[in-house]
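Survey of secondary and tertiary structure
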Amino acid sequence: MADTNNFAEYIRLMTEFDLPPVMQIENQAYDFPWTTGIMTDCLTSAYYCYVYEVNDEIRGYIIFSTVLDELHLLNICITPAYQNKGYGQLLLDWLLNFARENKTKTLYLEVRASNRGAIRLYETSGFNEMGCRPAYYPAKKGKEDALLFAYEILLI
Ligand SMILES: CC(C)(COP(=O)(O)OP(=O)(O)OC[C@H]1O[C@@H](n2cnc3c(N)ncnc32)[C@H](O)[C@@H]1OP(=O)(O)O)[C@@H](O)C(=O)NCCC(=O)NCCS
């Protein structure tokens, strides 16, 4: 079971030296992975790129952008060998804390309609489905819809 007590201590900024292991995970985890070029662009642009690392082993990463009080989650990924152990939830919770601390009002994301595991993670974390972009993603057979989700941070 995931260690929930000090998870944030295992999150650090991604650097260019992390690209080989990150791309290895990306290629294992997705049928349609990002290219090294896309990942490099994220690192060199104003995007936020973090890795989850334990004992010098990268076990996941998260990439997002912010514009004013909006945050766009672009990629959240856990190494397949560590999936379904609660780490994706911890990484998403870490992002929600980051968002609160940075006065974010709304988080947005897009997910493949077939990605039931990720959709369940987002729904149980409080994201709401806002819409659909039909035939948005390439798929093994043609195209696949993107579902749009949003999370409103309640200011208390
Ligand atoms: C999606 C992903 C980040 C979830 O991380 P994870 O560590 O596997 O998920 P967790 O173990 O934290 O599970 C959290 C919740 O998500 C749901 N969930 C995760 N994987 C699931 C699966 N395969 N099937 C059904 N539900 C799943 C469950 O609701 C789970 O809650 P529970 O423990 O109460 O059952 C991870 O599976 C992953 O990296 N997938 C490949 C990349 C990807 O699809 N990223 C999302 C792109 S939008």
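Refer to the preceding data block for the structure.
Below you will find a few notes about this structure. (Residues numbered from 1 in each chain as written. Predicted model: local features only at pLDDT ≥ 70, side-chain atom pairs only at ≥ 80, totals over all residues. Heavy atoms only, no water.)

**Overview of the overall build of the protein chain**
Quick note on the threshold: Helical segments are the DSSP runs of H or I of at least four residues, strand segments are the runs of E of at least two, and each set is numbered from the N terminus. Atoms considered for the radius of gyration are the C-alpha atoms alone. The globule rule reads 2.2 Å times the number of residues to the power 0.38. Each residue is assigned to one of three classes by its accessible area relative to the maximum for its type, calculated with a 1.4 Å probe on protein chains only: buried under 20%, partly exposed between the two thresholds, exposed over 50%. Contacts are assigned to residue pairs with any non-hydrogen atoms lying within 4.5 Å of each other.
When you go through the protein chain residue by residue, the secondary structure sums to four helices and seven strands. Ordered by position from N to C terminus, the α and β elements of the protein chain give β-α-α-β-β-β-α-β-α-β-β. For 156 residues, the compact-globule estimate of 2.2 N^0.38 gives 15 Å, and the protein chain sits close to it at 15 Å. Judged by the C-alpha coordinates and their principal axes, the protein chain covers about 45 × 40 × 35 Å. Scored against the burial criterion, the 156 residues of the protein chain give a buried share of 42%. In the protein chain, 59% of the contacts between residues at least 6 apart in sequence involve partners at least 24 apart.

**Some details on the site of the ligand**
Heads up, the rule is: Any residue with at least one heavy atom within 4 Å of a molecule or strand is counted as near it. Within 3.5 Å is the distance limit for a polar contact, defined as a pair of N or O atoms, with the added protein rule that one can donate a hydrogen and the other accept it, and that residues adjacent in sequence qualify only through two side-chain atoms.
Around the ligand there are 20 residues in total, and Ile78, Gly86, Gly88, Gln89 and Asn115 lie nearest to it. A distance of 2.7 Å separates an oxygen atom of the ligand from a polar side-chain atom of asparagine 115. Residue arginine 120 places a side-chain N or O atom 2.9 Å away from an oxygen atom belonging to the ligand. Elements supplying a minimum of two residues to the shell around the ligand: β4 (70-78), α3 (87-101), β5 (106-112) and α4 (116-124). Per element, the largest residue contribution to the shell around the ligand is five residues, and it comes from α4.

By themselves, these observations are geometric and do not establish any function.
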